[in-house]
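Here's the letter readout for the chains.
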Amino acid sequence: MSAIVAERIAHWFGSEPALDAIDLVVDRGDHVAILGENGAGKTTLLRILATAMRPSSGKLEIMGLDAFRERRRLRGRIGYLAHAPGLYPALTAAENLEFFCDLRGADRARVPEALDMVGLTPAARRRAGELSRGMQQRLAIARAMLHDPLLLIFDEPDASLDADGAELLAQVMKGRTTVLATHDQALATRLCQRLVHLRKGRLLGAGSRLRIVQ
Amino acid sequence: MRTVTIALAITRKDLVSEWRSRELVPALGQFVVLALVIANFGFQIDSKSAPAIAPGVLWLALVFAGLVAFGRAFAAEREQASLEAVLMTGAPSAAIFAGKALGAALMLVLCEAVLLPALALLFGVQISGGLVAAVLLATIGMSVLGCLFAAMVAQLRARELLLPLLALPLWIPFIVAGGQAVQAAMGASGDFDQALKLLIDFDILFVVLTSLAARFVLDD
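Note that this is a predicted model, so its numbers are computed, not measured.

Quick notes on the layout of surface pockets
Point 1. In this structure, the largest pocket spans a volume of roughly 560 Å³.
Point 2. In terms of lining residues, the largest pocket is bounded by 20 residues, among which Arg47 and Ala52 of chain A together with Arg78, Glu84 and Gln155 of chain B are the most central.
Point 3. No other element matches helix α4 (residues 82-87) of chain B, which puts 4 residues into the lining of the largest pocket.
Point 4. Computed from the structure, the second largest pocket encloses a volume of approximately 450 Å³.
Point 5. Ser17, Glu18, Glu23, Ala76 and Gln80 of chain B are the residues nearest the centre of the second largest pocket, which is lined by 21 residues in total.
Point 6. The element best represented in the lining of the second largest pocket is helix α3 (residues 50-79) of chain B, accounting for 6 residues.
Point 7. Of the residues in the lining of the second largest pocket, the class split is 9 nonpolar, 4 polar and 8 charged.

Next up, the structure:
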């Protein structure tokens, strides 16, 4: 069964087309990387797949549900990492996660486990605003995992991450359907079975990793 | 129950953030005191004129402090890109809105805790329980309306200009009824009970309307 079925998704910002008739099917358990230059439409596509925004036209089903009608329900199953970490700088790392546990109705006992997963246990009591950009990214990844999501939508998850970043991403993606956007083709090849290229809002190729590497 | 828990979590987060950063409340406190000092020099205040002038000065200071407080409520979330993260939790929009409005209202109440004693000191008027009740009731309605419009304009570049244009016309009922209640509480003519009832009616009306509208403003 498919986790994501997108049919002719298009989006315009004013008169400027951002996405042009995107068709994309992602099977459950698949790891798909979206590659493309700046302004190719990666973030717009990911925001639509994460139900953070509605496209101008097209149809989107996520886990068999209409993504626009059932988006509140779907948000409980999606772990979304946006382009910006979106943390509260005055709250500590642990407080940031506890706050999002409260919003999701998740058990606060998951917080130490989530911090440990991203290697931030020693920084649990440090304010998010005092953390390095890489540590903030790790904290945002931990936040996206708090509710044990079935589907991960990650927008440039490797941004500011150190050498261990790819290892961390492989660990959190294990057993979960994942769509991620990145500029790093080597990372995409390492983490994903399928690579999808976007150029000026159009899908250029969607195939297996092996085919593209060859 | 979950709605209340979420709203309280958001309010607590906003208050803790403000306590640690001290960005807004100290500045608002200074602003209202300065506004009162300027008004004190600008008007000829004596024991006869004070009950007529003080309510106007009180509401002017409160309205401008409110515009700043409510404007920051959503602007900070947008700047930090944290509002999207909150919305992506699937939490009900009405709960998110209620939490933000309660947080902003409590910050304005803190500002009023500076404003009212300063008013008593500079204008020589008596601060009664009735006056405090009228100001608090007006704060509820002004907060929900102010936060709704702040959420609407937060993404726009001209938000500082648009927020007063949208909020001020709808705050007028609170300023009129609140002004009457405060004047009556200070000993001038007017029906205090009727003005207070009117404030309660406006509060109920706008709390319900803004809660319903929050979904459309926050989600899209």
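Having put the structure on the table, let's press on.
With respect to the interface of chain A and chain B
Point 1. Each partner contributes to the interface: chain A provides 28 residues, whereas chain B provides 25 residues.
Point 2. Of the roughly 2300 Å² buried where chain A meets chain B, counting both sides, 54% is carbon and sulfur surface.
Point 3. When the buried surface of chain A facing chain B is broken down by residue, Arg72, Tyr88 and Leu103 of chain A rank first, second and third, together holding 29% of it.
Point 4. The interface formed by chain A and chain B includes 3 salt bridges.
Point 5. Notably, a salt bridge pairs Asp102 of chain A with Arg12 of chain B, separated by 3.2 Å at the nearest N-O pair.
Point 6. Counting every contact that joins chain A to chain B gives 11 residue pairs in polar contact (both at pLDDT 80 or more).
Point 7. Residue assignment for the side of chain A that touches chain B shows that the elements contributing at least two residues are α2 (71-75) and α3 (93-104) of chain A.
Point 8. The element contributing the most residues to the side of chain A that touches chain B is α3 of chain A, with 6 residues.
Point 9. Here the residues of the side of chain A that touches chain B sort into 13 nonpolar, 4 polar and 11 charged.

A look at the pattern of salt bridges
Point 1. Following the criterion strictly, the structure yields 18 salt bridges over all chains and no others.
Point 2. Here Arg202 of chain A ties to Asp20 of chain A by a salt bridge, and the two come within 2.9 Å at their closest N and O atoms. Pair noted here: Arg202 of chain A is in strand β10 (residues 202-208) and Asp20 of chain A is in strand β2 (residues 16-27), with a separation of 182 residues, a long-range link.
Point 3. For Asp20 of chain A, a relative accessible area of 31% translates into the label partly exposed.
Point 4. A salt bridge links Lys100 of chain B to Asp14 of chain B; its shortest N-O distance comes to 2.9 Å. In this pair, Lys100 of chain B sits in helix α5 (residues 93-123) while Asp14 of chain B sits in helix α1 (residues 2-21), placing the two residues 86 residues apart along the sequence. Neither residue differs from the other here; Lys100 of chain B and Asp14 of chain B are each classed as buried.
Point 5. Salt bridges here are not isolated pairs; linked through shared partners, they connect Glu98, Asp102 and Arg108 of chain A together with Arg12 of chain B.

Points about the nonpolar core
Point 1. Counting residues in each nonpolar core, the largest one holds 115 residues, and the members touching the most others are Leu115, Leu139, Ile141 and Phe154 of chain A together with Phe74 of chain B.
Point 2. When near neighbours in sequence (up to four residues on either side) are disregarded, Phe74 of chain B contacts Leu83, Lys100, Cys147, Ala150, Ala151, Ala154 and Leu218 of chain B.

A few points about unusual backbone geometry
Residue and element names in this part refer to chain A.
Point 1. One non-glycine residue, Arg8, adopts positive backbone phi at about 45 degrees.
Point 2. With respect to the helices and strands, the residue Arg8 is situated in strand β1 (residues 2-13).
Point 3. Positioned with a positive phi, Ala21 is a non-glycine residue whose angle comes to about 45 degrees.
Point 4. Relative to the assigned elements, Ala21 resides in strand β2.
Point 5. On the basis of relative accessibility, which here comes to 23%, the residue Ala21 falls in the partly exposed class.

A look at helix α8 (residues 192-219) of chain B
Residues that lie three or four places apart on an α-helix share one face, since the helix turns once every 3.6 residues.
Point 1. Taking 1.5 Å per residue as the helical rise, α8 of chain B with its 28 residues ought to reach 40 Å, and the 40 Å between its terminal C-alpha atoms agrees with that figure.
Point 2. If you look at α8 of chain B, its biggest bend is around 40 degrees, right at Ala213 of chain B.
Point 3. Its buried side turned inward, α8 of chain B meets α2 of chain A together with α3, α4, α5, α6 (129-153) and α7 (159-185) of chain B.
Point 4. Two or three places before Asp193 of chain B, at the start of α8 of chain B, stands the capping residue Asp191 of chain B, its side-chain oxygen 3.2 Å from that residue's backbone nitrogen.

Quick notes on the rules
Residues numbered from 1 in each chain as written. Chains lettered and ligands numbered in written order. Predicted model: local features only at pLDDT ≥ 70, side-chain atom pairs only at ≥ 80, totals over all residues. Heavy atoms only, no water. 1 Å grid on protein atoms, 1.4 Å probe; cavity = no way out; pocket = protein on both sides within 12 Å on 5 of 7 lines; lining within 4 Å. Points joined across faces, edges and corners; volume = space filled by probe spheres on them. Helix = DSSP H or I, 4+ residues; strand = E, 2+ residues; numbered from the N terminus. Nonpolar A, V, L, I, M, F, W, Y, C, P; charged D, E, K, R; others polar. Contact = heavy atoms within 4.5 Å. Buried area = accessible area lost by both parts, 1.4 Å probe. Salt bridge = Lys/Arg side-chain N within 4 Å of Asp/Glu carboxyl O. Polar contact = N/O pair within 3.5 Å; in protein donor to acceptor, adjacent residues only side chain to side chain. Buried < 20%, exposed > 50% of the residue type's maximum accessible area, 1.4 Å probe, protein only. Core = buried A, V, L, I, M, F, W, Y, C linked by side-chain atoms within 4.5 Å. Expected span 1.5 Å × (residues − 1). Bend = angle between axes of the 7 residues up to and from the residue.

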